[in-house]
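Here is what each chain is made of, one letter per residue.
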There are 2 protein chains.
Amino acid sequence: MAASAPSSSGNEPDPNSTNLRPPGSRFLQKNNNLEEKISSFKERSSKDLLDNSDRDSRFRRTETDFSNLFARDLLPAKNGEEPTMQFLLEVVDILTNYVRKTFDRSTKVLDFHHPHQLLEGMEGFNLELSDQPESLEQILVDCRDTLKYGVRTGHPRFFNQLSTGLDIIGLSGEWLTSTANTNMFTYEIAPVFVLMEQLTLKKMREIIGWPDGEGDGIFSPGGAISNMYSVMIARYKFFPEVKTKGMTAAPRLVLFTSEHSHYSIKKASAALGFGTENLILLSTDERGRVIPADLEAKVIDAKARGCVPMFVNATAGSTVYGAFDPIHEIADICEKYNMWLHVDGAWGGGLLMSRKHRHKLCGVERANSVTWNPHKMMGVPLQCSAILVRERGVLSGCNSMCAGYLFQPDKQYDVSYDTGDKAIQCGRHVDIFKFWLMWKAKGTIGFEQHIDKCLDLSHYLYTKIKGRKGYQMVFDGEPQHTNVCFWYLPPGIRDMPDGQEKREKLHKVAPKIKALMMESGTTMVGYQPQGDKVNFFRMVISNPAATRSDIDFLTDEIERLGQDL
Amino acid sequence: MAASAPSSSGNEPDPNSTNLRPPGSRFLQKNNNLEEKISSFKERSSKDLLDNSDRDSRFRRTETDFSNLFARDLLPAKNGEEPTMQFLLEVVDILTNYVRKTFDRSTKVLDFHHPHQLLEGMEGFNLELSDQPESLEQILVDCRDTLKYGVRTGHPRFFNQLSTGLDIIGLSGEWLTSTANTNMFTYEIAPVFVLMEQLTLKKMREIIGWPDGEGDGIFSPGGAISNMYSVMIARYKFFPEVKTKGMTAAPRLVLFTSEHSHYSIKKASAALGFGTENLILLSTDERGRVIPADLEAKVIDAKARGCVPMFVNATAGSTVYGAFDPIHEIADICEKYNMWLHVDGAWGGGLLMSRKHRHKLCGVERANSVTWNPHKMMGVPLQCSAILVRERGVLSGCNSMCAGYLFQPDKQYDVSYDTGDKAIQCGRHVDIFKFWLMWKAKGTIGFEQHIDKCLDLSHYLYTKIKGRKGYQMVFDGEPQHTNVCFWYLPPGIRDMPDGQEKREKLHKVAPKIKALMMESGTTMVGYQPQGDKVNFFRMVISNPAATRSDIDFLTDEIERLGQDL
């Protein structure tokens, strides 16, 4: 192969890359004062750089013409700085406009289209990839359309998921993280982020209540992976030989979790080689909380069958009911039978930040490991999930493989800060910065206020609909978390006698209302069946933008859309 | 619990939130023309909103005073829009400044500090978290300092990792992704992103060479997880009962991979319950490529020992040598012995985009699964990794648990687009958009040009140092990928007779030069030992900003710093 010059085609910017745009041009439809100012600014800065003396023209409505610019004209291209800055500012214009509208209740939550509609291509929006580059103008249109046909998860009336809201500090943190574009595996290339992770994990362990915040932990790509870690490290703690010899080196191990727990525990038992049949589901009371006596009975039964009970997951904030398992009573049983206690606080862990509500996780300090997702109740942007471990050493013992090309022992700094070998990942996204920055900006008390407010709102909803005509609660009593589970019974069903026919009709109500909601785009809330209970709504509140008026809006909307069903 | 009003303290903005800043104020030290214009713009837009008639004052150098503003003053706070926009623009100012400097060769790659130095707190930069909120001014300082003490992975002279560079389109895509802040598990809340993922995965499968791009796949949080998927689905394909009954339901399974392969295969064999001893390492030739005859011999041997050979990983682009295993010959053996063939193209997969270099993956179309990380050779920002599977159904068969609260069958749209149950994750970050956007912006040919350019550059380096005084190649012949592995021998070592003493001295050279490099902050390149070979440099080129002059700079720097060792 002969040495050839690096391809430089396209590295020279088009000399016509900035020019005047004819008035009324289709591309940028300015629709408010601030946008006008931004574009006016951009035109000015662009003009100033080109012709610093042309001060009089600086307010002419002109913009960089992106129709003649391509990705190859941006940095690192020669003279790429100016188009790069103009392009990034244009993107920011689109994004800040989206942010403003997200918080504007006159904007829809979504503009629903079916898959086939988006695949056929909306006006000017074509998802297909091609061999040839598109102009930067088209790229900006694509950015705008991607947001247009998406779902505003930060909208004050988006209640569909456990992760909602759009935190401005967290968003800034994510923007910075992507700009830094580095990797958590070594201190060498992520010195600040590695230290932030260590300090933040320690703070979280202190809040859990482990002495001096001692222990270990890591941020993982989500609660399911964090829960998977807990099962892995429990196995390593009791049967370290499985790491080298495989599951056949261990006796038949069984795991326990609530029938209401998150399905990731089941996924982990399948993936890690335990088998889902060796995950034993625990009965719950009517509120969805594990019955400790059932755990003990099943432990005894498993031992009688020759199995080795190894791991118990206690859920702190179940996905549907928001139930908190009684950790102290479960911990007693774990100690008695020498089992690992994991607390899945992916959803409920945030309540540890609230002096008023943290008692719901009473006993969490007795857990061997805890999953806690700041990207749920604490409003941190996705993804941000931590697995915290009480005992030091077991996480790295479980996962380390000492890859020489990454974790050289002869570096010039203290290599105990190279934490990558603790992970099941190699490269690992920087999830810490946005969270650290939010904590700095809000303080612990800011998180507490947010959590207390969300729980106050769910109390408001519960109080409002409990006993209200047409509503029926799925379980009695004040919810423990922000989950409020209820049926809405349209007038035509309300007075039917209880029985199969009513159940069948009621089962179809929530999906129908949800479909109408999505088509009108006004609000979003989840529904599902659970056990023998037909489809019901699960309202959850984690959105800092939500107010009582949004709760009122939701119930009005359910009644409006469900009226004639 | 009584219904109480949501905490509204702090939701009212401070009436003094925008004011004039005294000249010479410490906080914002403007250092270039563009920055001045941005701040001038911001002041203007702010002033205009406050007082639209005050046109004469619009160029006064004033800014929003963030020292009296807090996170609670931003959206969704009442009147939060204006401070939110000002704050985001201030963040963008910091980020665009960082972007510009990243591409400026007069800027250092890093400003190295030891962990204890950063932990003790640099001037004004304190990593500790506190109970009380910090002002937005401090938050902006923290953003600036975080970047200041980090590593510029996009710098033209950063060669330390397989993922380097800062693609402006990809960066814009990440900014948009974080603003959209949604989750890949259902079409319901990520309609556009779900479709983009499907179309992009199909395109990747077409490029691999699977008929009509048929098959399946998913984006995962990184190559290690993608490789883990491949082992899981291979096991499910051959022994589906392991999902429910665990590893004890299967015979003793063995896996094969090159001794040069990535350590994630070993991590997967430990995590999934195979045990690392049941991962059999294959011998390689002097270039680091698997010797197919060794594979067959070890398969026969394993069978003779009563084991069941199940899975072979062929590496396409090994981490250190950049070696490509001979896929066709390995595929023949896999077919003969009915084993799953996985190709780990995390690093080398990108070469499929180049007509000139894709022959190095010849036979990849015979693989059952392929890992391909666009965040490595294709320059997509972290994280972006795909696991691609030839047979439809096995990925979802392996992982689905049918969680009722997410994957309701009675939705109004075609629920086959709810792809979340295929994943081992529940929530899943949107990794597709930046990649899709880059593909749109560059076209297939843009990726091809980038890859050809990087390989041309590594050829330039190879040609330059091969036979040059003081350099010794780790293996003979032109490298297959951009990995160029070499020792630098300082003058004092060059003429020593071969032997243990020389080896010991040489082993210490690369770490010393690397430490000096990091302390001077001029460039970064990796080193490691491999097998019986003492520490050597591994140069890799994936950075689109790198040029021949940067390669020259690197060798000059190695010689300068290594001169007196």
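The name given to chain A in an unreviewed UniProt entry is Glutamate decarboxylase 1, with Oncorhynchus tshawytscha as the source organism. Of the comments in the UniProt record for chain A, the one headed Catalytic activity (unreviewed entry) reads "L-glutamate + H(+) = 4-aminobutanoate + CO2". Quoted straight from UniProt, the Subunit (unreviewed entry) entry for chain A says "Homodimer."

The subject of this paragraph is the overall build of chain A. A tally of regular secondary structure across chain A gives 16 helices and 12 strands. By the burial criterion, 68% of the 565 residues in chain A qualify as buried. Considering only intrachain contacts with a sequence separation of at least 6, the fraction spanning at least 24 residues in chain A is 72%. Only carbon and sulfur atoms are counted for the fraction: they give 49% of the accessible area of chain A, which is about 18300 Å².

On the side of chain B, 177 residues touch chain A, which itself brings 177 residues to the contact. Glu134 of chain A is the salt-bridge partner of Lys440 of chain B, the closest N and O atoms lying 3.6 Å from each other. Counting across the chain A and chain B interface gives 68 residue pairs in polar contact (both at pLDDT 80 or more). Per-element tally for the side of chain A that touches chain B: the top contributor is helix α13 (residues 432-465) of chain A, with 15 residues. For the side of chain A that touches chain B, the residue count by class is 95 nonpolar, 51 polar and 31 charged.

Residue and element names in this part refer to chain B. Spatially, five strands are ordered β1-β11-β12-β10-β9 in an open sheet, and the strand pairing comes out mixed. The open sheet terminates on both sides in strands that have one partner only, identified here as β1 (158-159) and β9 (471-473). Sheet analysis places strand β10 (residues 484-488) next to strand β12 (residues 533-539), joined by three bridges and oriented antiparallel. Pairing of Cys485 across the sheet is with Arg538, part of β12.

Residue and element names in this part refer to chain B. Within the open sheet, the seven strands sit side by side as β2-β8-β7-β6-β5-β3-β4. Their pairing is mixed. Edge strands, defined here as strands with exactly one partner in the open sheet, are β2 (216-220) and β4 (279-282). Strand-to-strand twist across the sheet, computed as the mean angle between neighbouring axes with direction ignored, equals 20 degrees. Pairing between strand β6 (residues 340-345) and strand β7 (residues 369-372): four bridges, direction parallel.

This part takes up the packing of aromatic side chains. On inspection of all chains with the given rule, the structure shows 41 aromatic pairs over all chains. Between Trp175 of chain A and Trp175 of chain B the ring centres are 5.7 Å apart and the planes differ by 25 degrees, which places this aromatic pair in the stacked class. Taken together, the residues Trp175 of chain A in helix α5 (residues 168-180) and Trp175 of chain B in helix α5 (residues 168-180) connect one chain to another. Pair check on accessibility: Trp175 of chain A and Trp175 of chain B agree, each one buried. Between Tyr321 of chain A and Phe475 of chain A, the ring centres sit 4.8 Å apart and the planes meet at 35 degrees, which makes this aromatic pair tilted. With Tyr321 of chain A in the loop between β5 (308-315) and α11 (327-337) and Phe475 of chain A in the loop between β9 (471-473) and β10 (484-488), this pair connects stretches of sequence that are 154 residues apart. Three or more aromatic residues link up through ring pairs in this structure, and these residues are Phe125 and Tyr149 of chain A together with Phe193, Phe433 and Trp436 of chain B.

This part covers the pattern of salt bridges. All names here are of chain A. Applying the stated criterion across every chain, the model contains 56 salt bridges over all chains. Taking the shortest distance from any N to any O, the salt bridge between Glu174 and Lys434 comes out at 3.4 Å. Pair noted here: Glu174 is in helix α5 and Lys434 is in helix α13, with a separation of 260 residues, a long-range link. A relative accessible area of 4% places Glu174 in the buried class. Classification of Lys434 as buried rests on a relative accessible area of 0%.

Relative to chain B, chain A is turned by 180 degrees and slid 0.0 Å along the rotation axis, the superposed coordinates differing by an RMSD of 0.0 Å. Here the symmetry operator amounts to a two-fold rotation axis. For chain A, the minimum C-alpha distance to the rotation axis belongs to Leu272 of chain A and amounts to 2.0 Å. A shared interface surface links the copies, since 100% of the contact residues of chain A are contact residues in chain B too.

Quick notes on the rules
- Residues numbered from 1 in each chain as written.
- Chains lettered and ligands numbered in written order.
- Predicted model: local features only at pLDDT ≥ 70, side-chain atom pairs only at ≥ 80, totals over all residues.
- Heavy atoms only, no water.
- UniProt positions renumbered as here; feature names shortened; annotations may be inferred.
- Helix = DSSP H or I, 4+ residues; strand = E, 2+ residues; numbered from the N terminus.
- Buried < 20%, exposed > 50% of the residue type's maximum accessible area, 1.4 Å probe, protein only.
- Contact = heavy atoms within 4.5 Å.
- Areas by Shrake-Rupley, 256 points an atom, 1.4 Å probe, with all protein chains shown as cover.
- Salt bridge = Lys/Arg side-chain N within 4 Å of Asp/Glu carboxyl O.
- Polar contact = N/O pair within 3.5 Å; in protein donor to acceptor, adjacent residues only side chain to side chain.
- Nonpolar A, V, L, I, M, F, W, Y, C, P; charged D, E, K, R; others polar.
- Pairing = 2+ DSSP bridges.
- Axes fitted to C-alpha atoms, helices over the stretch in contact; angles between N-to-C directions.
- Phe/Tyr/Trp six-rings, centres within 6.5 Å; stacked < 30°, edge-to-face > 60°.
- Least-squares fit on C-alpha atoms with pLDDT ≥ 70 in both.

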